[in-house]
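The residues making up each chain are set out below.
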Amino acid sequence: MRLGGPTVALLANDSVVAGGAGGGLLGDIPNMPAGAMAAPRLIPPSPSMPRRGNGGGGANIYSSSPGLTLGLPSIVDGRQQAGAGAGDGDAQNQSGIGAPMKLSSKNKDEEYESRSGSDNMDGSGGEDQDNEPPRKKRYHRHTPHQIQEMEALFKECPHPDDKQRQELSRELGLEPRQVKFWFQNRRTQLKAQQERAENSMLRLEIEKLRAENVTMREAIKNASCPSCGGPATLGEMSYDEQQLRIENARLKDELDRVSTLAAKYLGRPIPHLSGGGSQAPSSSLDLAVGGAANFHQGGAAAAGSLVSAGSESMRPGGLSEADKPMIVDLAVTAMEELYRLCQPEEPSWIPSPDGPKEVLNYDEYIRQYQSALGPRPYGMRTEATRESDLVMMNGVNLVELLMDSAKWAEIFPSIVSRAVTIDVLATGVTGNRNGAVQLMYAEMQVLSPLVPTREFYFVRYCKQHADGVWGIVDVSVDALAREAAPSSNRCRRRPSGYLIQDMPNGYSKVTVLEHVEYDDRSVNRIYKPYVNSGLAFGAQRWLLTLQRQCERLASLLATSISARDLGVIPNASGRRSMLKLAQRMTNNFCAGVSASTVHTWTTLSGSGEDDVRVMTRKSVDNPGEPHGIVLSAATSLWLPVPPKRVFEFLRDERLRNEWDILSNGGMVQEMAHIAKGQDPGNSVSLLRVNTLNSTHSNMLILQESCTDDSGSLVVYAPVDIPAMNLVMQGGDPAYVALLPSGFAILPDGQDHCGSLQHDSLEVDRPRVPGSLLTVAFQILVSNVPSAKLSLESVTTVNNLISCTVQKIKAALQCDNQ
């Protein structure tokens, strides 16, 4: 019989001969499953076949194998061979294929472990049952209580350790192996469910791509001439080809700029990346307003430039090896300066003549510190502020939050519009980031299109000064800022940051230092006192925002419902889902109001600071927003009313019908209320608008209000009733589509003018305490992303925002001032 190797023959006198290439031994045949060899048959003797003891030592070979047998295996032996073959094939190779196989206790354990915890059998056999046929297995399932307990642990820890499994098995009356196998099967089941969901999403994406392919083919067939609008003839450029050429020119121009930046730090030109190109339009989406003018949105191009610059810097070689030690030395020197300036007895700080605040004695500062940044550039102002207070978070968690650029931007959405880590020069110690050094980019904002943002390229360094004391310092890297973004030359960051000290009960004492040099010539007239007073970007705003956000996080993680939480939210999970939805709404509002470089505002109407500015953007493949063309409109104005009064008026649902045009004059009722901190102004509310017109259905509005001494926010958005029902039951809020609108209320800064500056201020407005109010709306004007904006849509949003401002002025009795 041929087995793919040697030839095996069975002789009539029970002799065995192995032949083949080289006369291999039978023990060298690879092991095979039991029953794979055909039953032996008798063949007549042949002279060519050597007999026992004749020819080549066959007798010696097989006489040394006392266990060799040619008898047909019994049923029990066959099962034992199969079990041994599956459990320990290496042992068979060593002992020979024909050796008697005995089921060891190790193999029995492996057979037991190969079964599910929910299918384990009772009464497993011992060693005395090796030669007996196994009894019929009896299976049982876990009780509902056992499954419930294991499911609860699985949600918290899908991979429990031995100690957890032992404890759970004692509580449920199960074997530890049963618990282990149940968790294995549960993980496998969860993975299969996730794969099925991913497959469903991929199938939907394929269908979408097919539909887009059909649409593009139809567009190619119906291509028109971009000059005259007539049908395109053979030999003319198609619409898609024209768009590709425009995009290609834009990318070449961007690539050329990035190549220049890379060549600066590599120390050599990069010919493969250099290339020229014409300046392309910032976007193909134009606002065809009556055919008289075209407005272009340049946000996407600006965002792409930032990503490209950041990506180039993050590549190996973005910073030369000679630059990195210099940056690390700069960070170490900045940390020493930060630590000294944060000490209470530091002589560089003197009491302010205008109030209880303290200001930096600039002359003393120059004598005490030799900064690597050099003297202040001509034409720039100096802003230096320091604040210290308790924060509801321990030091380790604060350090992790501040060293992660994404979390840092998320915790300060009203201040940081964008943040990215460009390069990590040192990772520091795992657990507390001691010694971490990273190169970062950040854009800082005021929630108004009238105030230009501040862009910084800086190095951030973390150091643990003592047990429970950390320092985090930022200092600008001027060389990188000059090459990467010319606009960032308008400001630079001297050593600034945080000194964190652990306190009892999970609190920390945080001292914030902000020391910035900036150019205020492009700031609008009504915002100059606010910016120059240090309220816009000073230490007080950073610290108050951090305190408010830490209280919010504590409220989000709370398992019990506060006595101040009213309404229809049934459980803590529903409360957390609504807080997460409100946080996303507020972050989206803050990201779309400022004068960020990714935004291009177009002025529609007004005179001076009362201008109404609009911009458009496409919303595609974002489950948190409705798909289509979104029109944003904003205006900022000064009101001779204290900020607290404006905030209380706008957040009060009982007074909402005095300014909200969309509520149609109906009464507004608060259905649910969630407190986010000690101040009652920090809350999330679910409002129901009872319209007076019977033809209109009632509407739900999600509203979040935030306030502290540095400013206030009132953000709201209409929400879908079925979606909110799911959220209040603890559902995922990420798929609730909303477009936030709202108000940013800031102090005008006149009470603080002159206390933080070293230059004279020119303020032509009477010193009346007032507020700076920014009103912003986002409206879906079309659910087709390729649609063009009409004149009617722009006129509607212009009238909406103008009427809202007039109603607010009338309600606050300042319309004639």
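Note that the coordinates shown come from a computational prediction; the quantities given were computed from them, not determined experimentally.

(A) Up close: the overall build of the protein. Secondary structure summary: the protein contains 20 helices and 24 strands in total. Expressed as a percentage of the 817 residues in the protein, the buried residues total 44%. Residue pairs in contact within the protein that sit at least 24 positions apart in sequence constitute 66% of those at least 6 positions apart. By element, 53% of the accessible surface of the protein is carried by carbon and sulfur atoms, the whole surface being about 41500 Å².

(B) A look at the packing of aromatic side chains. Taken as a whole and assessed by the stated rule, the structure comprises 13 aromatic pairs. Measuring from centroid to centroid gives 5.2 Å for Trp 182 and Phe 183, while their planes differ by 80°, and the two rings are edge-to-face. The burial state of Trp 182 is the same as that of Phe 183; both residues are buried. A ring pair is formed by Tyr 716 and Phe 743, whose centres lie 6.4 Å apart and whose planes are at 35°; its orientation type is tilted. Taken together, the residues span a long stretch of sequence, with Tyr 716 in strand β22 (residues 711-719) and Phe 743 in strand β23 (residues 741-747) at a distance of 27 residues.

(C) Spatial organisation of the pairing of strand β13 (residues 496-502). With five of seven residues buried, β13 lies mostly within the body of the structure. Two elements, strand β11 (residues 469-476) and β13, share six bridges in a ladder whose sense is antiparallel. By the bridge assignment, Ile 472 is partnered in β13 with Tyr 498. Looking at chain direction, β13 and strand β14 (residues 508-518) are connected through six bridges and run antiparallel. The partner of Tyr 498 across the bridge, within β14, is Val 512. In textbook terms, the turn of a hairpin is the stretch between consecutive antiparallel strands, and for β13 and β14 this stretch comprises five residues, one of which, Asn 505, has a positive phi near 65°.

(D) View of the environment of Pro 377. Here Pro 377 lies in the loop between α11 (362-368) and β7 (381-391). Of the residues examined, Pro 377 reaches a relative accessible area of 30% and is grouped as partly exposed. Along the sequence, Pro 377 and Arg 490 sit 113 residues apart, while their C-alpha atoms lie 9.8 Å from each other.

(E) Representation of the nonpolar core within the structure. Residues Trp 408, Phe 412, Tyr 498, Val 510, Tyr 527, Tyr 530 and Trp 542 are the most contacted members of the largest nonpolar core, which totals 47 residues. With near-sequence residues (within four places) excluded, Trp 408 lies in contact with Leu 401, Leu 402, Val 416, Ala 419, Met 440, Ala 442, Met 444, Phe 458, Arg 460, Tyr 498 and Trp 542. One finds Leu 447, Ile 569, Val 593 and Ala 717 within the second-largest nonpolar core, a separate group that totals 33 residues.

(F) The arrangement of the environment of Arg 617 in detail. With respect to the element layout, Arg 617 can be found in strand β17 (residues 612-619). In this structure Arg 617 comes out as partly exposed when scored by relative accessible area, which is 21%. A distance of 2.7 Å separates the side chain of Arg 617 from the side chain of Gln 778, its partner in a polar contact.

(G) The confidence of the model for the protein, seen in detail. Chain-level statistics for the protein give a pLDDT mean of 74 and a share of 66% at 70 or above. Counted against residues more than four places away or in other chains, residues 272-318, with its pLDDT under 50, gives 87 contacts. A low-confidence stretch, residues 754-765 (pLDDT under 50), is modelled with 37 contacts involving residues beyond four sequence positions or located in other chains.

(H) The arrangement of the environment of Glu 383 in detail. Structurally, Glu 383 can be placed in strand β7. Residue class for Glu 383 comes out buried when judged on its relative accessible area of 0%. Each C-alpha atom, one on Glu 383 and one on Asn 532, is 7.7 Å from the other, the two residues being 149 residues apart in sequence.

(I) The arrangement of the pattern of salt bridges in detail. Under the defined criterion, the tally for this structure stands at 26 salt bridges. Note that Arg 613 is salt-bridged to Asp 611, the shortest N-O span being 3.5 Å. One salt bridge in this structure joins Arg 654 and Asp 652, with 3.1 Å as the shortest N-O distance. Residue Arg 654 is classed as exposed on the basis of its relative accessible area of 61%.

(J) How the structure looks around unusual backbone geometry. In this structure, Asn 505 is a non-glycine residue whose phi angle is positive, near 65°. Here Asn 505 lies in the loop between β13 and β14. Relative accessible area serves as the criterion here: at 76%, Asn 505 is assigned to the exposed category. Even without glycine at this site, Gln 813 takes up a positive phi of about 60°. One can find Gln 813 in the segment after α20 (791-811). The class of Gln 813 is exposed, set by a relative accessible area of 61%.

Calculation notes
Residues numbered from 1 in each chain as written. Predicted model: local features only at pLDDT ≥ 70, side-chain atom pairs only at ≥ 80, totals over all residues. Heavy atoms only, no water. Helix = DSSP H or I, 4+ residues; strand = E, 2+ residues; numbered from the N terminus. Buried < 20%, exposed > 50% of the residue type's maximum accessible area, 1.4 Å probe, protein only. Contact = heavy atoms within 4.5 Å. Areas by Shrake-Rupley, 256 points an atom, 1.4 Å probe, with all protein chains shown as cover. Phe/Tyr/Trp six-rings, centres within 6.5 Å; stacked < 30°, edge-to-face > 60°. Pairing = 2+ DSSP bridges. Core = buried A, V, L, I, M, F, W, Y, C linked by side-chain atoms within 4.5 Å. Polar contact = N/O pair within 3.5 Å; in protein donor to acceptor, adjacent residues only side chain to side chain. pLDDT = per-residue confidence, 0-100. Salt bridge = Lys/Arg side-chain N within 4 Å of Asp/Glu carboxyl O.

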